[in-house]
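Listed below are the residues making up each chain.
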Number of protein chains: 2
Amino acid sequence: MRQKTVVVGAGPVGALAALYAAQRGHDVEIYELRSDLRDPSTTPLMFSRSINLALSERGIHAMRSSGKQDLLQKVTSETIPMRGRMIHGKSPSGQFTELAQDYDILGRSLYAADRGGLNKTLLDELESMPNVKFFFNHKLTGADFKHHKAWFEISHTVSLKESTGTRAREVEIDFDLMIGADGAHSAARYHLMKYARLDYQQTYIDTLWCEFTIEPKAVQTGQEPSSRFAISPNYLHIWPGKDFMFIAIPSLDGSFTCTLFLPSSHLLSLENDPSSIPSFFDTHFPGVTSLIPPSTLTASFTSNPHLPLISIKCQPYHYADAVVIIGDAAHAMVPFYGQGMNAGLEDVRVLFEVLDSHASAAPLTPESRAKALACYSHLRTPDAHAINDLALENYTEMRASVISPLYKARKWLEETISVWFPSFGWQTKYSRAG
Amino acid sequence: MRQKTVVVGAGPVGALAALYAAQRGHDVEIYELRSDLRDPSTTPLMFSRSINLALSERGIHAMRSSGKQDLLQKVTSETIPMRGRMIHGKSPSGQFTELAQDYDILGRSLYAADRGGLNKTLLDELESMPNVKFFFNHKLTGADFKHHKAWFEISHTVSLKESTGTRAREVEIDFDLMIGADGAHSAARYHLMKYARLDYQQTYIDTLWCEFTIEPKAVQTGQEPSSRFAISPNYLHIWPGKDFMFIAIPSLDGSFTCTLFLPSSHLLSLENDPSSIPSFFDTHFPGVTSLIPPSTLTASFTSNPHLPLISIKCQPYHYADAVVIIGDAAHAMVPFYGQGMNAGLEDVRVLFEVLDSHASAAPLTPESRAKALACYSHLRTPDAHAINDLALENYTEMRASVISPLYKARKWLEETISVWFPSFGWQTKYSRAG
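Residues numbered from 1 in each chain as written. Chains lettered and ligands numbered in written order. Predicted model: local features only at pLDDT ≥ 70, side-chain atom pairs only at ≥ 80, totals over all residues. Heavy atoms only, no water.

An unreviewed UniProt entry annotates chain A as Kynurenine 3-monooxygenase originating from Diplocarpon coronariae. The record held by UniProt for chain A lists under Pathway (unreviewed entry) the comment "Cofactor biosynthesis; NAD(+) biosynthesis; quinolinate from L-kynurenine: step 1/3." The UniProt entry for chain A carries this comment under Cofactor (unreviewed entry): "FAD". (UniProt positions renumbered as here; feature names shortened; annotations may be inferred.)

See the structure below:
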């Protein structure tokens, strides 16, 4: 009998896990709380996540190792390579400055990816496989990990139940292995915690984030398409601040998705006086008001959600042979290394490497799967904790430091890069005076 | 309109909270996952909790302040006052020793209470109030704390769902305030965490516990009923060990409920060689094999569950005006101070004191209730964290210390007593030589 692997969560990490399992011939079922994001009737969802993300070597390696020949090519074709970071600042004489810093002397890049697009590519890949079934609008409500059973409630709206006394439709399923990839507020982890003795810690940092957009420029006939970008598309743009930060990541349509990170007290004072937002930006993020009109800046700040940042550590990640959690469900981290989703994709690669190494010629027995999952928890916990700590420490240092923004930015980059890539080079230039 | 207060969890802490709310004229609804423990058809449940517990001044004060004149009398009539602790050991010459230590020069006692009996007394008290409704077999499955709604699944068995494709019956309710008193694995807290930015930490310590019983002695005609007790009923009996501990708490029927605390590695070695259990007891817990026959000791160890100990800290305890968690849901602690349930009962008293102080002449408005809950979180968190830390530190010290068991026991008692009572006295005597 083939192994039945149930994946909870159809985000990028869950979808990649399903792909790895399907490539190994498992009967794969994917259960997702939300509706199919590829369905045109699906209302665009607020995922409480950044729209754009930076795909790094960790994530790329995990997709390269999926066994799907063209997956990486499909994914990267929809991304924009970022050869480094561009640090924005202001010279003593008041001119806007840019300090470009390339990531890698070998020319390896980060890739600016659209989260939704990456997710769709992975789901499309799965759709073509006969041993994969999708179950959208399914909410995990219970699990018995001793008997390999789980219960899902079926809904046809994403919103909360509307009427009194509704009877929710519930299904019971069984499985050999459940992979919980359902995010920071994971239901799989919640049920795992009833079986495994999880040490678990979650912390909200005192920083919120809010999204902005730098719109594409109008392109005139005969101009290069790349001239749509208001600033260089091949960099992750950073405006460092003492207590806060503004970043911009390019999108294929010529826009940039921007994120403001701000301590809650600063945020509150801006909320109380939105008219001060443009001057706040002018003081701390030089040049941004020439990329986003002040009125748009204020409108975005007022209408877009101000979202929290959570850091999660736990261990172990599994129970017996029945369940393992990966991605944000296992180790949600603050975004100051940009490694959250990449670490989740890497979980998938490491998990299946460990499972493969415990399978002899035959498929895994429950006993050998239990050993493999214990090995995975053992192997993966210190790595995940380390990167989680680095992200938090970096945040703390950014907040606590009183030295110059430029120095801090450089230090931050040095540390960041040493995590992102083992080797890297510096290339410094000043361009684009305001 | 009267305030509707929904209490999740009908254990002692939830029941007392319901009583406080009902005394204030709220419409009270109590939702409990399990069936009514007073129902004779209810199968005795494994609560994964000790049957007996020590009621201390914290808990007693909370019941005294309930506004129910005779509640405390009803509760204490079913308890056994313990004037102190009895430390069991062995003299250098090999004689069994007992060191009695009274808690309080004022004569205040701890009370050995049956958890089920205490719970029943509180539920009976509630049953007589017209503004209280019970909903047993109701499992909290969802909550919308912005709109004051919650969903419960109704089951008629405690066990997991049996059949495929069952439709669970679900009800929607609304409320002004939800009080989550549903224990260490609280569903109320799980849903609260989707709304409030909870810092949350749980840790399992490397010690498990297992329950034993010292049976009553046969009473002959003309003998005092108290002669049923094999050892003095008016003490909490302790056999301290370097890495472990054995305690005995009296029950009204003349028996003692005993608990063995043991690191998992020790436990495993005993599990692997159950025949070594009596000699293990003889070495570490002198005299116990004369109170529990060796065969019974071995049988109890083998058949009774070996249960984990969890320590939980979080903050805040509330969200807006809608929900607050109390008891183990907010601060489950290791039992080395015996204050877990007492702190939970104290939560109820403090919570309603704070709510009362925020109500002017009129009932609480949502705004003033939100302020009161914020005040409660602020006030209660440091106290709960402190007692939680003390319990954990004490466990760590017990484990790490290499000094004599008697010294450690004394130190442990000193610290414990300073928590339990502000003033205390020592009374030392040696009695009952083996």
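From this point, things continue past the structure.
What follows concerns helix 1 (residues 12-23) of chain B. Residues and elements named next belong to chain B. If you check helix 1, its first and last C-alpha atoms are 16 Å apart, about what 12 residues at 1.5 Å a residue would give, namely 16 Å. Counting buried positions along helix 1 yields 11 of 12 residues, so the element is predominantly enclosed. After helix 1 finishes, the residue G25 shows a positive phi value of roughly 85 degrees. (Helix = DSSP H or I, 4+ residues; strand = E, 2+ residues; numbered from the N terminus. Expected span 1.5 Å × (residues − 1). Buried < 20%, exposed > 50% of the residue type's maximum accessible area, 1.4 Å probe, protein only.)

With that settled, consider the packing of helix 2 (residues 57-64) of chain B against helix 11 (residues 340-358) of chain B. Residues and elements named next belong to chain B. Where helix 2 contacts helix 11, the two axes come as close as 7 Å, and the packing angle between them is 35 degrees. Where helix 2 crosses over helix 11, the two elements pack in a sense that is left-handed. Along the contact surface, helix 2 presents R58, G59, H61, A62 and M63, while helix 11 presents N342, A343, L345, E346 and R349. Of the residues that constitute the contact of helix 2 with helix 11, the class distribution is 4 nonpolar, 3 polar and 3 charged. (Axes fitted to C-alpha atoms, helices over the stretch in contact; angles between N-to-C directions. Left-handed = near helix turned anticlockwise from the far one by under 90°. Contact = heavy atoms within 4.5 Å. Nonpolar A, V, L, I, M, F, W, Y, C, P; charged D, E, K, R; others polar.)

We now examine the sheet that holds strand 3 (residues 52-55) of chain B. Residues and elements named next belong to chain B. If you walk across this open sheet you meet the 3 strands as 3-7-4, and the pairing is antiparallel. Looking at strand neighbours, the two that pair on one side only are strand 3 and strand 4 (80-82), the edges of this open sheet. Averaged over all pairs of adjacent strands, the angle between their axes in this sheet comes to 35 degrees, without regard to strand direction. Of the strand pairs in this sheet, strand 3 and strand 7 (residues 110-114) are connected by 4 bridges, and their pairing is antiparallel. Residue pairing in the sheet places L55 in a bridge with Y111 of strand 7. Packed on one face of the sheet, helix 4 (residues 115-127) meets strand 3 and strand 7 and runs near 85 degrees to strand 7. (Pairing = 2+ DSSP bridges.)

With that out of the way, let us pick up the side chain of N119 of chain B. Positionally, N119 of chain B belongs in helix 4. In this structure N119 of chain B touches A10, G11, P12, A15 and L37 of chain B, once residues within four positions along its chain are discounted.

In this structure, S186 of chain B sits in the loop between strand 12 (177-180) and helix 5 (187-192). By relative accessible area, S186 of chain B is classed as buried at 1%. Non-local contacts of S186 of chain B, meaning those with residues more than four positions away in its chain, are made with Y190 of chain A together with A329 of chain B.

All right, on to the confidence of the model for chain A then. Residues and elements named next belong to chain A. Model confidence for chain A is summarised by a mean pLDDT of 85, while 84% of its residues fall at 70 or above. Within the model, the stretch residues 158-167 combines pLDDT values under 50 with 20 contacts to residues more than four positions away or in other chains. Taken together, the stretch residues 417-434 has pLDDT below 50 and engages in 64 contacts with residues farther than four places along the chain or on a different chain. For this predicted complex, the interface confidence comes out at an ipTM of 0.71, alongside a pTM of 0.79. (pLDDT = per-residue confidence, 0-100.)

Let us now look at the packing of aromatic side chains. Residue and element names in this part refer to chain A. By the definition in use, this model includes 42 aromatic pairs over all chains. With a centroid separation of 5.5 Å and 50 degrees between ring planes, the pair formed by Y195 and Y319 is classed as tilted. Within this pair, whereas Y195 is found in the loop between helix 5 (187-192) and strand 13 (199-214), its partner Y319 is found in strand 18 (residues 318-319), the two being separated by 124 residues in sequence. Of note, R38 hangs over the ring of F134, and the distance from its end group to the ring centre comes to 5.3 Å. (Phe/Tyr/Trp six-rings, centres within 6.5 Å; stacked < 30°, edge-to-face > 60°. Lys NZ or Arg CZ within 6 Å of the ring centre and 35° of its normal.)

Turning to the nonpolar core, a few remarks are in order. By size, the foremost hydrophobic cluster in this structure holds 164 residues, and its most contacted members are L16 and M178 of chain A together with L16 and M178 of chain B. Every residue in contact with L16 of chain A, bar those within four places of it in the chain, is listed here: A62, M63, S66, L71, L122, L345 and V348 of chain A. (Core = buried A, V, L, I, M, F, W, Y, C linked by side-chain atoms within 4.5 Å.)

The terminal C-alpha atoms of helix 11 (residues 340-358) of chain A, which comprises 19 residues, lie 27 Å apart, in line with the 27 Å expected from a rise of 1.5 Å per residue. Most of helix 11 of chain A is tucked away: 15 of the 19 residues are buried.

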